[in-house]
Amino acid sequence: ILHFRIGPISKGRKKYGFIISIRDITQTRQLEVMRYQFVSNVSHELKTPLTSIQGFAETLKEGAIDNRDIALRFIDIIDIEAKRLYRLIQDILCLSEIENMENNDGNEVNFTPLIEEVVSMLEQNATEKQVEIKLDIKQSLILECANTDYVKQVIMNIVSNAVKYTDEGNVIISTYIEDGKKVFCVQDTGIGIPEESLPRIFERFYRVDKSRSRKSGGTGLGLSIVKHIVELYGGVVEITSKVNQGTSFKIVFPE
Ligand code: ADP
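Note that the structure is a prediction, hence the values are computed from the model and not measured. (Residues numbered from 1 in each chain as written. Predicted model: local features only at pLDDT ≥ 70, side-chain atom pairs only at ≥ 80, totals over all residues. Heavy atoms only, no water.)

Draft legend 1. Structural detail: the packing of aromatic side chains. Summed over all chains, the structure comprises four aromatic pairs. Both rings, one in Phe-38 and one in Phe-205, keep their centres 6.2 Å apart while their planes meet at 20°; by these two values the pair is stacked. Within this pair, whereas Phe-38 is found in helix α1 (residues 26-61), its partner Phe-205 is found in the loop between β7 (181-188) and α5 (210-215), the two being separated by 167 residues in sequence. Ring geometry for Phe-56 and Phe-74: centres 4.9 Å apart, planes at 65°, overall edge-to-face. A residue pair is termed long-range when its members are at least 10 positions apart, and Phe-56 in helix α1 and Phe-74 in helix α2 (residues 68-99) qualify at 18 residues. (Phe/Tyr/Trp six-rings, centres within 6.5 Å; stacked < 30°, edge-to-face > 60°. Helix = DSSP H or I, 4+ residues; strand = E, 2+ residues; numbered from the N terminus.)

Draft legend 2. Representation of the site of the ligand. Around the ligand, a shell composed of 20 residues is seen, among which Asn-161, Tyr-165, Ser-213, Gly-220 and Leu-223 lie nearest. Here Asn-161 contributes a side-chain N or O atom positioned 2.9 Å from an oxygen atom of the ligand. Contact between the ligand and Val-208: an oxygen atom at 3.1 Å from a main-chain N or O atom of the residue. Isolated, the ligand exposes 530 Å² of accessible area, and the fraction of that covered by the protein chains is 98%. Only α4 (148-164), α6 (222-232) and β9 (246-253) provide two or more residues apiece to the shell around the ligand. Taken together, the residues of the shell around the ligand sort by class into nine nonpolar, eight polar and three charged. (Near = heavy atom within 4 Å. Polar contact = N/O pair within 3.5 Å; in protein donor to acceptor, adjacent residues only side chain to side chain. Areas by Shrake-Rupley, 256 points an atom, 1.4 Å probe, with all protein chains shown as cover. Nonpolar A, V, L, I, M, F, W, Y, C, P; charged D, E, K, R; others polar.)

Below you can see the structure in the form of structure tokens.
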């Protein structure tokens, strides 16, 4: 997309000629469109729980409050939706923080204690779904200059997805060095991701199955956050997946 501007070259009242400037604004326009789409997606995602909260609060006011059982059920839904709203806002803030950040400060971060922390947080939920989480730390993975909270967020998002999208099965978390590169890998035996969805999986708010993601509390931003953090530390995320067999997320950091 080219942007033309014509203007006179003048000194006082005298005109000496014209100047034509041509600017390529393709990238600026693309960024504007992306920003617009993001804002419109965010509004939609925020409206969904809000509408639900409003609706149930109104129904309570109109009389449902008199039936204790129904009232408790509706209050439960309001609570769940409010928590979803909170998570969404947190994820949106996290994404915008990472996007505007450069990796110039940080400290040594070891993955092992963070993996153990994340596993202990997810263990109960996993056991309820008959999902067994196994650790396979072949070599510790240490990033020299990173932010502990961000690394923990990456581990949490990937492992919680593995648990979320697996019913009865295994999740194996491993760290090792391969050709000098540092690898963090999470494999599950869950529902898998269809091939046509794989290229879109890191887009903000993209979900293969909206209702399943919603039911399990997903915001649709988890992988987008993962990709941004991993790239901040010079890494790449590789996925392999087969529907009904499982998914493997492999994150590779340079030496
Ligand atoms: P969500 O909050 O919906 O889980 P994410 O950004 O974390 O959002 O993931 C995007 C989508 O990728 C999910 O909605 C789900 O469809 C798919 N996905 C992510 N991880 C897995 C996995 N381990 N197994 C199957 N599908 C997955």
